[in-house]
Structures are given as C-alpha cells and as structure tokens.
Amino acid sequence: MARDMSPVLKKCRSLGLEPSYLGIDKKSKRTFARAGKKVSEYGMQLREKQKAKFIYGVLEKPFRNNFEKAKKLKYGTTGENMLILLELRLDNIIFRMGYGRTRTEARQIVDHKHVLVNGKCVNIPSYQVKPGDVISIKEKVKSMQRYKDILEVTGGRAVPSWLEADHENMTGTVKEIPTREQIDVPVNEVLIVELYSK
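The present account deals with the structure reproduced in this document. (Residues numbered from 1 in each chain as written. Predicted model: local features only at pLDDT ≥ 70, side-chain atom pairs only at ≥ 80, totals over all residues. Heavy atoms only, no water.)

1. Description of the packing of aromatic side chains
- The tally for this structure, following the rule as stated, stands at two aromatic pairs.
- A centroid spacing of 6.3 Å and a plane angle of 45 degrees characterise the contact between Phe63 and Tyr196, whose relative ring orientation is tilted. Of the two residues, Phe63 is situated in helix α3 (residues 60–72) and Tyr196 in helix α8 (residues 189–196); the sequence distance between them amounts to 133 residues. Comparing Phe63 with Tyr196, the two get one shared label, buried.
- Geometrically, the ring pair formed by Phe67 and Tyr196 is tilted, given 4.8 Å between the ring centres and 40 degrees between the ring planes. Note that Phe67 is positioned in helix α3 and Tyr196 in helix α8, a separation of 129 residues in sequence. The same class applies to Phe67 as to Tyr196, namely buried.
- The structure contains a cluster of three or more aromatic residues connected by ring pairs, namely Phe63, Phe67 and Tyr196. (Phe/Tyr/Trp six-rings, centres within 6.5 Å; stacked < 30°, edge-to-face > 60°. Helix = DSSP H or I, 4+ residues; strand = E, 2+ residues; numbered from the N terminus. Buried < 20%, exposed > 50% of the residue type's maximum accessible area, 1.4 Å probe, protein only.)

2. A few points about the environment of Arg107
- Inspection of the secondary structure assignment puts Arg107 in helix α6 (residues 103–111).
- With 18 residues separating them in the primary sequence, Arg107 and Pro125 have C-alpha atoms 5.5 Å apart.

3. Here's the deal with helix α5 (residues 90–97)
- With eight of eight residues buried, α5 lies mostly within the body of the structure.
- By the burial criterion, the buried members of α5 are Leu90, Asp91, Asn92, Ile93, Ile94, Phe95, Arg96 and Met97.
- At the C-terminal side of α5, Gly98 shows a positive phi close to 95 degrees.

4. Structural notes on the side chain of Asn81
- Residue placement: Asn81 occurs in helix α4 (residues 78–87).
- Owing to a relative accessible area of 2%, Asn81 belongs among the buried residues under this scheme.

5. Quick word on the pairing of strand β3 (residues 134–137)
- Of the strand pairs in this sheet, strand β1 (residues 115–117) and β3 are connected by three bridges, and their pairing is antiparallel. Bridge pairing in β3 links Val115 to Ile137.
- Both β3 and strand β5 (residues 171–174) contribute to a ladder of three bridges, which runs antiparallel. Looking at the pairing, Ser136 lines up with Thr171 of β5. (Pairing = 2+ DSSP bridges.)

Structure, rendered in structure tokens:
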C-alpha cells in the first residue's frame, strides 16, 4: 500500500496548515522560508489540492476518482460534493468519532479489521459510509489499552453534529450527509475544481 511518508510538521509548514486539523497537538516553531513570496494562480490551486490530499491522507489517483464521482452527483457543487465524499470515508469517520487520534491511526484500525459497519467487518479505509450506518469497534478489541489511550486523548474533542458517538460502547451513527458548513477543513474547494477543470 502506497503511503506519504514525508515529515508531518514539515509538510504542515509548507502548506500553511495547522497540525490540529490532522489530530496532532504539536506546534512547529520554525517559519517557512517561502512565506512572503508571491504565488501564481496555478500554485494556489495546487496548494489547495495538496492540502486536501494531505489532510485526508489520500493519494492522487483515489483523490482524482473522488473528484470524478463528485462531478456526476446531482446535488450541490462539485467541490462541496468532493469534500463530502472525503468526509464519508470510513477512516475519516473513525477519526471524527474520536476512535483514532489521527486519520492515519484510524486507517490502521480499519486495516486491522477492528471496525464493524452495520455488524459486518469492513477493512477498507476508503469505504463510503451512508447516513443511518452504525459503526462500532469490535467487541473483543474494545478492552485493549490502545483504545483507552485513544479515548483519553480524544475524549475532549467535539464530535461533528452530523455524527453521533457513544464512547461508552464505542459505537457511532452517521445521522446525515454533512454540509460544507459542518466540514471544518481549511480548504478552498473551488480552486481544486478549477485546477482539475483545466
């Protein structure tokens, strides 16, 4: 499986991104050397795309596939639809519910077959979750120290209003499809659409 192994804080710095959006509470004290330079229109579009890919941990091909899928949807704008599709990925839902400290950890939890969707084991991080789906952590792994540590860190994190999470039983429900206002990622999706429409 291909993965982006570049240093996280370095990448956050170069994209002008707060590490908190990735679930990381570290701060980088360094400033980025190119901070004051003028960026071309293409450069701005590319940066927004790289930002979205980095936040959701998606590589170019699946990201492009999501864009193509978003174009075909009948409701909303292409950019908003693309962010909604990224939000409804199983690894992102696990992260949003607080069962993974970062999206990378959430992806690993899904990979290790710890997650049930409507009672069935799903180990595909990009699995598209639908409203009404019940997501839970497998009974036999709930008592692991790993999950106690995770909930200690994520317990104070707010669960988005379009999700419902029960930390006692480690289950959650997708109540509805999120709107753009409910997605708190600092990405200008219009620029990504412009980039792919060239």
